[in-house]
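Close look at the chain arrangement
Single-letter residue listing:
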Amino acid sequence: MRPMLSLLAVPVALAALSYAAPSHAAEGDDRFALRLGAMQIDSDNTIRGNTNIAGQDVGFSEDFGLGGKEWEPRVDGMFRISNRQRLLFNYFKYDKDRRETLDQGVSFGDTSVPAGSFIKGELKYQVASLVYDYSVVDTDTFDLGLQLGAEYAKVSTKAYADVGDLYQGEFLDEKADGVAPVVGARLSFTPSEKWMITFQGQYLNTKWGNFDDYDGDLSRANAIVDYRFTRNFGVFAGYDWFKLDVDQSGSDGTIGLKQEFKGPVAGVSFVF
């Protein structure tokens, strides 16, 4: 509990300092900002595991793909408490399924798998975060913020097979979710009134929260360029990257999953 109490004390202390020193906001006097956009996701997935069979340690690691790239929704929000203090909200979703169908029948001794047999898999991944952001450096053109908040993550996988008389039905239905503290940092540059460039990174460890018996981490980094057409409307583009790397231990061994989601992002922004 002591490390957690120390972390929670940071925003309180920084908030007190914000009233003791004058500052300039890199984004001007914007009180609220909302980005609505999408991310063209390219995913890399690896499943790994190890167990003991008849006294022998057995391990495996297998990469698997879910097909081509696709656009998924992405939402960001900012509420300014004071010149140096912000609340930042983010939501990201990935929902993908893939089906592999056997074009020709296959026989294994007395067992045959008919043409048209298939295996279908589905992966759903969601991340939402709410963080407190304090600008430790704040000038007219440059802003450095430190972040502390909470992040929710949920992963679910399902698989269904129809291979004739050999097997029909669902053979995989796993899901895990939880909430944990997240820490991060942000760099913002404002070269002119219409342009803003932001770099951000965040990190979460499952041991900090309630992710049951999953052990691992969630990392994220992005770079976003904003252009303002008017006082209240603009567009943005950039690149986003997520990585989830977790292991689950049981009495018969360990199963692990590593997933990376990366790709360009684009959308519109509303500022008030």
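The present account deals with the structure reproduced in this document. (Residues numbered from 1 in each chain as written. Predicted model: local features only at pLDDT ≥ 70, side-chain atom pairs only at ≥ 80, totals over all residues. Heavy atoms only, no water.)

Okay, the nonpolar core next. The nonpolar side chains of a soluble globular protein tend to be buried with one another. By size, the foremost hydrophobic cluster in this structure holds 29 residues, and its most contacted members are Phe92, Tyr94, Tyr125, Leu218 and Phe261. Put simply, the parts of the chain that give this core at least two residues each are strand 1 (32–53), strand 4 (85–101), strand 7 (118–138), strand 8 (142–162), strand 9 (168–189), strand 11 (214–228), strand 12 (233–250) and strand 13 (253–271). Among residues more than four places away in sequence, those in contact with Tyr125 are Phe92, Lys93, Tyr94, Lys154, Val155, Leu218, Phe242, Leu244, Gln259 and Phe261. (Core = buried A, V, L, I, M, F, W, Y, C linked by side-chain atoms within 4.5 Å. Buried < 20%, exposed > 50% of the residue type's maximum accessible area, 1.4 Å probe, protein only. Helix = DSSP H or I, 4+ residues; strand = E, 2+ residues; numbered from the N terminus. Contact = heavy atoms within 4.5 Å.)

Here we take up the packing of aromatic side chains. Tallied over the full model, the rule gives 13 aromatic pairs. Centre to centre, the rings of Phe92 and Phe242 are 4.3 Å apart; their planes meet at 15°, and the pair counts as stacked. In this pair, Phe92 sits in strand 4 while Phe242 sits in strand 12, placing the two residues 150 residues apart along the sequence. Judged on exposure class, the residue Phe92 and its partner Phe242 are both buried. Of the aromatic side chains, those joined through ring pairs into one cluster are Phe92, Tyr94, Tyr125, Phe242 and Phe261. Lying over the aromatic face of Phe236, Arg35 brings its terminal NZ or CZ to 5.7 Å of the ring centre. (Phe/Tyr/Trp six-rings, centres within 6.5 Å; stacked < 30°, edge-to-face > 60°. Lys NZ or Arg CZ within 6 Å of the ring centre and 35° of its normal.)

A cluster of nonpolar residues, Phe32, Phe79, Ile81, Leu87, Phe89, Leu130 and Phe272, forms a patch on the protein surface that exposes about 630 Å² of accessible area. Position of Phe79 relative to the elements: it lies in strand 3 (residues 70–80). Given a relative accessible area of 39%, Phe79 falls into the partly exposed group. (Patch = residues over 30% accessible without salt bridge, like charges linked within 9 Å, V, L, I, M, F, W, Y side chains within 5 Å. Areas by Shrake-Rupley, 256 points an atom, 1.4 Å probe, with all protein chains shown as cover. Salt bridge = Lys/Arg side-chain N within 4 Å of Asp/Glu carboxyl O.)

In this structure, Gln200 sits in strand 10 (residues 195–205). Only 2.8 Å separates the side chain of Gln200 from the side chain of Gln147, close enough to count as a polar contact. Contact partners of Gln200, with chain neighbours within four places excluded, come to Leu88, Gln147, Ala185, Arg186, Arg220, Ala221 and Asn222. (Polar contact = N/O pair within 3.5 Å; in protein donor to acceptor, adjacent residues only side chain to side chain.)

Applying the stated criterion to the full structure yields twelve salt bridges. Between Asp76 and Arg74 there is a salt bridge, with its nearest N and O atoms 2.4 Å apart. We note that Asp76, like Arg74, is buried. Between Arg86 and Asp143 there is a salt bridge, with the nearest N and O atoms lying 2.9 Å from each other. Within this pair, whereas Arg86 is found in strand 4, its partner Asp143 is found in strand 8, the two being separated by 57 residues in sequence. Each member of the pair, Arg86 as well as Asp143, is classed as buried. Shared partners join several salt bridges into a network, and the residues in it are Arg74, Asp76, Arg220 and Asp240.

What follows deals with the side chain of Ser135. Relative to the helices and strands, Ser135 resides in strand 7. In this structure Ser135 comes out as buried when scored by relative accessible area, which is 0%. Side chain to side chain, Ser135 and Asp143 meet in a polar contact 2.8 Å long. Separated by 3.4 Å, the side chains of Ser135 and Arg186 make a polar contact. Aside from chain neighbours lying at most four places away, what touches Ser135 is Arg84, Arg86, Asp143, Leu144, Gly145 and Arg186.

Purely geometric stuff here, so don't read any function into it on its own.
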